Amino acid sequence: MGKKELKVAFLLALRSLQRGSRSSAILTVLIVAMCFTNMIFLPALFNGIGQSITQQVVDYEVGNVLVSPKSGDQYVSDVPATLDLINGMPGVERATAHFSKGATLKYRERVLGATVRAISPNDEKLVSPLYTKMVAGTYLGDGDTGEVIIGKPVAGDASIRQEDEFQPSLGGVRVGDSITIDYGNGYVKDYRVKGIYFTGWSQADSAVYITSTDMALVDPKSVDNADDITVKAKPGYSESFIKDELVQYGVTAKVQTTADLLSKSMGRALQSFAIINMVSLIVSIIITTVVLFIVITIKTLNSRRQIGILKAIGVDKEVIMHNYGFQVIILAVLGIVLGIILTSLLAVYMSFHPIVTPEWSATLYLTPLDLVTNSLILFGAAIVAGYVPAYQVSREDIQTAMRA
Amino acid sequence: MIQIQDLHKVYRMGNVEVRALDGVTLDIEKGEFLGIMGASGSGKTTLLHMLGLLDTPSAGKIIVDDLDVLTLTDFEKTMFRLYKLGYVFQDYALVPDLTVMENVALPAMLRKDREENQIIDDSHTILKKIGLFDRKDHLPRELSGGQQQRVSIARAIVNKPDILFADEPCANLDSENSKMVLDLFREINEEMRQTIVMVSHEDWHKGYFHRIIRLGDGKVLSDGRA
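Rules of the game
Residues numbered from 1 in each chain as written. Chains lettered and ligands numbered in written order. Predicted model: local features only at pLDDT ≥ 70, side-chain atom pairs only at ≥ 80, totals over all residues. Helix = DSSP H or I, 4+ residues; strand = E, 2+ residues; numbered from the N terminus. Rg over C-alpha atoms; globule rule 2.2 N^0.38 Å. Buried ≥ 20, exposed ≤ 12 C-beta atoms within 10 Å, placed from the backbone. Contact = placed C-beta atoms within 7 Å. Axes fitted to C-alpha atoms, helices over the stretch in contact; angles between N-to-C directions. Parallel < 35°, antiparallel > 145°, perpendicular 65-115°, else oblique. Left-handed = near helix turned anticlockwise from the far one by under 90°. Nonpolar A, V, L, I, M, F, W, Y, C, P; charged D, E, K, R; others polar. Core = buried A, V, L, I, M, F, W, Y, C linked by C-beta atoms within 7 Å. Domains from an automatic or database assignment. pLDDT = per-residue confidence, 0-100. Pairing = 2+ DSSP bridges.

**Some points on the overall build of chain A**
Within chain A, the regular secondary structure consists of 14 helices and twelve strands. Relative to the globule expectation of 22 Å for 404 residues, the C-alpha radius of gyration of chain A, 31 Å, shows a markedly less compact shape. Over its C-alpha atoms, taken along the principal directions, chain A stretches across nearly 100 × 55 × 30 Å. Burial analysis of chain A (404 residues in total) assigns 42% to the buried set. The long-range share in chain A, meaning contacts at least 24 apart out of those at least 6 apart in sequence, stands at 78%.

**Considering the packing of helix α12 (residues 317-352) of chain A against helix α13 (residues 368-394) of chain A**
Residues and elements named next belong to chain A. For the pair α12 and α13, the least separation of the axes is 8 Å and the interaxial angle reads 155°. The orientation of α12 relative to α13 falls into the category roughly antiparallel. Two packed elements cross with a definite hand, and for α12 against α13 that hand is right-handed. Here α12 contributes Lys 317, Ile 320, Met 321, Tyr 324, Gly 325, Gln 327, Val 328, Ile 329, Ala 332, Ile 336 and Ile 340 to the contact with α13, which in turn contributes Leu 371, Ser 375, Leu 378, Phe 379, Ala 382, Ile 383, Ala 385, Gly 386, Tyr 387, Ala 390, Tyr 391 and Ser 394. Grouping the amino acids of the contact of α12 with α13 by side-chain chemistry returns 17 nonpolar, five polar and one charged.

**Some remarks on the nonpolar core**
Side chains that are nonpolar tend, in soluble globular proteins, to be buried together. Core analysis: the biggest nonpolar cluster contains 113 residues, and Leu 378 of chain A together with Ile 36, Val 104, Ala 154, Phe 165 and Val 197 of chain B have the highest contact counts within it. Element by element, the count of residues in this core is highest for helix α2 (residues 22-62) of chain A, at twelve residues. Those residues within four positions of Ala 154 of chain B in sequence are excluded, and the remaining contacts are Val 104, Ile 126, Leu 127 and Ile 130 of chain B. Membership of the second largest hydrophobic core comes to 54 residues, among which are Ala 95, Ala 103, Tyr 107 and Leu 130 of chain A.

**Focus on the domain arrangement of chain A**
Interface size is commonly expressed as the accessible area that is lost once the parts come together. On domain assignment, one finds that chain A holds domain 1 (3-57 + 267-403) and domain 2 (74-252). If you average the C-alpha positions of domain 1 of chain A and of domain 2 of chain A, the two centres end up 51 Å apart.

**Side note on the confidence of the model for chain B**
Across chain B, the average pLDDT comes to 90, with 100% of residues at or above 70. Across the interfaces of the predicted complex, the ipTM metric reaches 0.87, alongside a pTM of 0.76.

**Quick notes on the sheet that holds strand β2 (residues 16-28) of chain B**
All names here are of chain B. Read across the open sheet, the four strands follow the order β2-β1-β4-β5; overall the sheet is antiparallel. Where the open sheet ends on each side, the last strands, each with one partner, are β2 and β5 (67-68). This element, helix α1 (residues 44-51), spans β1 (2-13), β2 and β4 (59-64) of the sheet and lies at about 60° to β2.

**Quick word on the interface of chain B and chain A**
With 18 residues of chain B at the contact, the number on the chain A side is 17 residues. Those elements that provide at least two residues to the side of chain B that touches chain A are α2 (74-84) and α3 (100-109) of chain B. Ranked by residue count, the leading element in the side of chain B that touches chain A is α2 of chain B, at four residues. Taken together, the residues that form the side of chain B that touches chain A break down as twelve nonpolar, one polar and five charged.

Spelled out as structure tokens, the structure:
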């Protein structure tokens, strides 16, 4: 096949699409676009959910690297020295310790079980964006005592009756109100609510935070011990680098990266997502292939006499085959481009209107590689779907074709 | 120029054997305007299709300029049709999605020895010759039957073929348009010394032919000057 033959094949294809049935061409492009969108939407949504959960786990649970008690230990011990050690390591933005205690919160007639987490507010600011999520009041300061910040779901809404609540709350606590916390070890204290926050991550939103200074009064163990230490990496430093560094520097507690933790906790969910993605991908490819196969088969069957005439006047069968091949390529490319536009518009829309659940919120997570990979897969399927009938009809002998 | 030797074509329809051509032997000279006439089913179109390499005979030989064309491969036959032969069909057989100009230029566009400028010039010249230059950007469906057949003739001669085959080109035309088409064939034959082999069953066409072959039951019944 020379340049001239390809040029003629392309001309025939282009004219057939331009001057043939417009509605059929538009419908085919729309179907390819929808199949492309279907191929990419679900995986992008699942990736978005995964990204969102990962980000929230990093932000509010474990940082980039989590230092937790070794098997058999209840706490990470010698916390001040460990924090000094970690904070001095290259690549570490900040490390901060947490000490939690189960407690009962009381406000007026309401009683609610919750986890009280002790933090060093200024260090926590460098590790977690919790301080940016205040919806009322202000964040804790390092020297605060007798003050608490609580999640919005814990604070509740005074306008909702207790029996109508989705999850139990204190029934409408406001900034400045006083709540009583009973720690179960006999220590009971009234705290002024300094702020109310909402992160969208349920585990953070269902907790209450006090300063480590306050926690030292509740449980003196918290001075030297911690449930965990979360470590934030500086930009450009990988989690695994920080983990290796911590181990090399002699941190004896258990050290895990976010990826280590997520692979355990979310491994099965990610596997399920991958299966759903694969099913969606295969169904979309089959639909596109079948639709394009039918479109080109009908076109070739309707044009058999014309194909015979073209062969009679000296047009080679390869030119005839590529004519239909080019038609499919043009339809597929237009469909894919429209699909990319539709998907991008959906991504933009969802970035403003994310899917929000009580556990997480998610947007579409699209990468250029996803777009390119799916485009190539669909393009390949389209070529197969177009060239098979084109090949068959172009091999037909002239007499049979002309008599059609 | 063309030597046809003992050409046979047998079709099988179930258990019935139909002899469409039964030992046709004849020579066609260069520059000849040959008419193939005969009743319906006499084998006219079958013979034309054999000569034009659109179908394969059951037996016999076709020699064109000392080349046994039946020994050519599929691709060589395609190239032979492109470079050496031209066709005009009964139903015009234009590509409906191409303009008049594109239809005429199509065979020339596939030739290796033609540049784009030359293709445009040749196509314009031929369109002027058939009087349809001003309709060059129209689609076939926007033309009358006679005009479409003239475009079909223009397409057939754009590559300046050695032999032009025409299969009842006036069958779908009224007498006025038929005359116009036949006059065009005569003009091409006289001006370009173009060999033309034309199938017809109209008696009044005889006057245009140099020579007439009459077929009956797949055999040559008569061969003589018009």
